[in-house]
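# Secondary and tertiary structure notes
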Amino acid sequence: MIAVLQRKVQIEKALRTALENQEFQLYYQPLIQLKTGRIRGFEALIRWNSRELGFVSPLDFIGIAEETGQIVPIGRGGLETACHKAAELRKLYGTNFIISVNVSALQLRNKDFVDYVQKAMEGSGIGPGELEIEITESVFIDSYEEVVVILGRVLALGIQISLDDFGTGYSSLSYLRKLPIDTVKIDKSFITDVIYSVRSKSLLESIILLAQKMQLAVVAEGIEDQKQLEQLIKYNCDYVQGYFFSKPMPSREVNQYYESYLQKNSCS
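These lines cover the structure that appears in this document, whether it is placed above or below. (Residues numbered from 1 in each chain as written. Predicted model: local features only at pLDDT ≥ 70, side-chain atom pairs only at ≥ 80, totals over all residues. Heavy atoms only, no water.)

### Some points on empty space enclosed by the protein
For clarity, the threshold we go by: The way it works is a 1 Å grid over only the protein atoms, where trapped points that fit a 1.4 Å probe form a cavity and open points with protein on both sides within 12 Å along at least five of seven lines form a pocket, and then any residue with an atom within 4 Å of a point lines it. Grid points are joined across faces, edges and corners, and a volume is the space filled by probe spheres set on the points.
On inspection of all chains with the given rule, the structure shows one cavity of 30 Å³ or more. Contributing to the lining of the largest cavity are Gly 75, Leu 79, Val 101, Asn 102, Val 103, Gln 107, Phe 113, Tyr 116 and Ile 133.

What follows is the structure, given as structure tokens:
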């Protein structure tokens, strides 16, 4: 317990200067349209390489950043960077990719949230269809009605909204019915043992069918092998994401990845 507390104090201290030292970086993981094999877009994932602590896992620092309020400026910088990446990809390849950005409850409830999302889009020159906001059910715990209003303002800008980690919360079906969302992302825990468990297969198929009947797109996360992919093809899942296609990669490698994709598909 003492070691955990000491680590937390170290991270809190290092976070105070991490932003001004430009220690944060976005990594991107592709989202693949299952029927066509085309790249729908990329999820932007924050990474921290601290001068003092070295690489710090998001699992270790995101929660602390939320507790201290640092997640708001960190998230704002990440959003701006992600929007500029979307603009860069469109300029280079003439393709409008969707860039998905994770947003915490604290960010969403910040009074300036919708304004700085709009400014980030305008500053980069991307259109609404090129940005997706990812939320989890935790954003609704304290202020459900307030959050729904904010999400309505986001949707009014033409930005898509995705419910991440679907199936791991307490009221998922209720949220599907009530929330202004476009996409659900099935948590990778549902994918891991889908090959070996009859119950997991049935549950996964039912989630996909239910969401699609509600006119929601479905993304399956954590795809790691061909057998999992084949099962999702069988269940008519819309999009997939995972190490089977690519690990999260830094910005410069995204361009290389897409150019390799173009070469492969032009030869096939």
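### So, the packing of aromatic side chains
The condition is simple: Geometry of aromatic contacts follows a simple scheme: Phe, Tyr and Trp rings, the Trp one being its six-membered ring, pair when their centres are within 6.5 Å, and the pair is stacked under 30 degrees between planes, edge-to-face over 60, tilted otherwise. Only runs of H or I of at least four residues qualify as helices and only runs of E of at least two qualify as strands under DSSP, and these elements are numbered from the N terminus. In this scheme, a residue with accessible area under 20% of its type's maximum is buried, one over 50% is exposed, and one in between is partly exposed, where area comes from a 1.4 Å probe on protein chains only. Whether a charge sits over a ring depends on NZ of Lys or CZ of Arg being within 6 Å of the ring centre and within 35 degrees of the ring normal.
With the rule as written, the count across this model stands at nine aromatic pairs. Summarising the aromatic geometry, the rings of Phe 113 and Tyr 116 are spaced 5.5 Å apart at their centres and angled 80 degrees between planes, so their arrangement reads as edge-to-face. Residue Phe 113 and its partner Tyr 116 are located together in helix H5 (residues 113-124), separated by three residues, close to a single helical turn. On the basis of relative accessibility, which here comes to 7%, the residue Tyr 116 falls in the buried class. Chaining the aromatic ring pairs together yields one cluster made of Phe 42, Tyr 93, Phe 97, Tyr 258 and Tyr 261. Just above the ring of Tyr 239 sits the side chain of Arg 40; from NZ or CZ to the centre is 4.8 Å.

### A closer look at the layout of surface pockets
To keep it simple, the criterion reads: Basically, the charged four are Asp, Glu, Lys and Arg, the nonpolar ten are Ala, Val, Leu, Ile, Met, Phe, Trp, Tyr, Cys and Pro, and anything else, Gly included, counts as polar.
One number sums up the size of the largest pocket: a volume of about 1,200 Å³. Lining the largest pocket are 40 residues, with Glu 43, Leu 45, Arg 47, Pro 58 and Asn 102 positioned closest to its centre. Elements that contribute at least two residues to the lining of the largest pocket include exactly strand E1 (24-33), strand E2 (39-50), helix H2 (58-68), helix H3 (71-93), strand E4 (98-102), helix H4 (105-108), strand E5 (131-135) and strand E6 (160-166). Among the residues forming the lining of the largest pocket, the class breakdown is 17 nonpolar, 13 polar and 10 charged.

### Considering the nonpolar core
Put simply, the rule reads: Here, nonpolar core means buried Ala, Val, Leu, Ile, Met, Phe, Trp, Tyr and Cys residues that are tied together by side-chain atoms lying within 4.5 Å of each other. By definition in these notes, contact holds between two residues if any of their heavy atoms fall within 4.5 Å.
Membership of the largest hydrophobic core comes to 80 residues, with the highest contact counts inside it found for Phe 42, Trp 48, Phe 113, Leu 131, Val 184 and Leu 232. With 10 residues, the single largest contributor to this core is H3. Setting aside residues up to four positions removed in sequence, Phe 113 forms contacts with Val 103, Gln 107, Leu 108, Ile 150 and Val 154.

### Comments concerning the pattern of salt bridges
Rules: What counts as a salt bridge is simple: a side-chain nitrogen of Lys or Arg found within 4 Å of a carboxyl oxygen of Asp or Glu.
Inspection of the entire model under this criterion finds nine salt bridges. Of the charged contacts, one joins Arg 90 and Glu 130 as a salt bridge, the two residues approaching to 3.0 Å between their closest N and O atoms. Here the residue Arg 90 occupies a position in helix H3, and Glu 130 occupies one in the loop between H5 and E5, the gap between them amounting to 40 residues. Accessibility expressed as a relative area gives 27% for Arg 90, which makes it partly exposed. By relative accessible area, which is 4% here, Glu 130 ends up buried. The residue Glu 134 makes a salt bridge to Lys 185 at a minimum N-O spacing of 2.9 Å. Note that Glu 134 is positioned in strand E5 and Lys 185 in strand E7 (residues 183-186), a separation of 51 residues in sequence. Note on Lys 185: relative accessible area 1%, which makes it buried. Where salt bridges share partners, they join Glu 43, Glu 134, Lys 185 and Glu 221 into one cluster.

### A short note on the side chain of Asp 187
Inspection of the secondary structure assignment puts Asp 187 in the loop between E7 and helix H8 (189-192). Residue contacts for Asp 187: discarding those within four places in its chain leaves Asp 165, Phe 166, Thr 168 and Glu 221.

### Considerations on the environment of Pro 30
One can find Pro 30 in strand E1. Sequence-wise, Pro 30 and Phe 245 are 215 residues apart; in three dimensions their C-alpha atoms are separated by 7.5 Å. Ignoring sequence-local partners within four residues, the contact set of Pro 30 consists of Ile 39, Gly 41, Phe 42, Val 240, Gln 241, Ser 246, Met 249 and Tyr 257.

### Notes on the pairing of E1
Formally: Strands are treated as partners if at least two bridges between them are detected by DSSP.
Most of E1 sits out of view: seven of its 10 residues are buried. Sheet topology places E1 next to E2; nine bridges connect them, and they run antiparallel. Residue pairing for E2: Tyr 27 is matched across the bridge by Leu 45. Hairpin geometry of E1 and E2 is characterised by an intervening segment of five residues between the two adjacent antiparallel strands and by a positive phi of about 80 degrees at Gly 37. By the bridge criterion, two bridges tie E1 to strand E9 (residues 239-240) in an arrangement that is antiparallel. Bridge pairing in E9 links Ile 32 to Val 240.

Bear in mind that shape data such as this cannot, by itself, settle questions of function.
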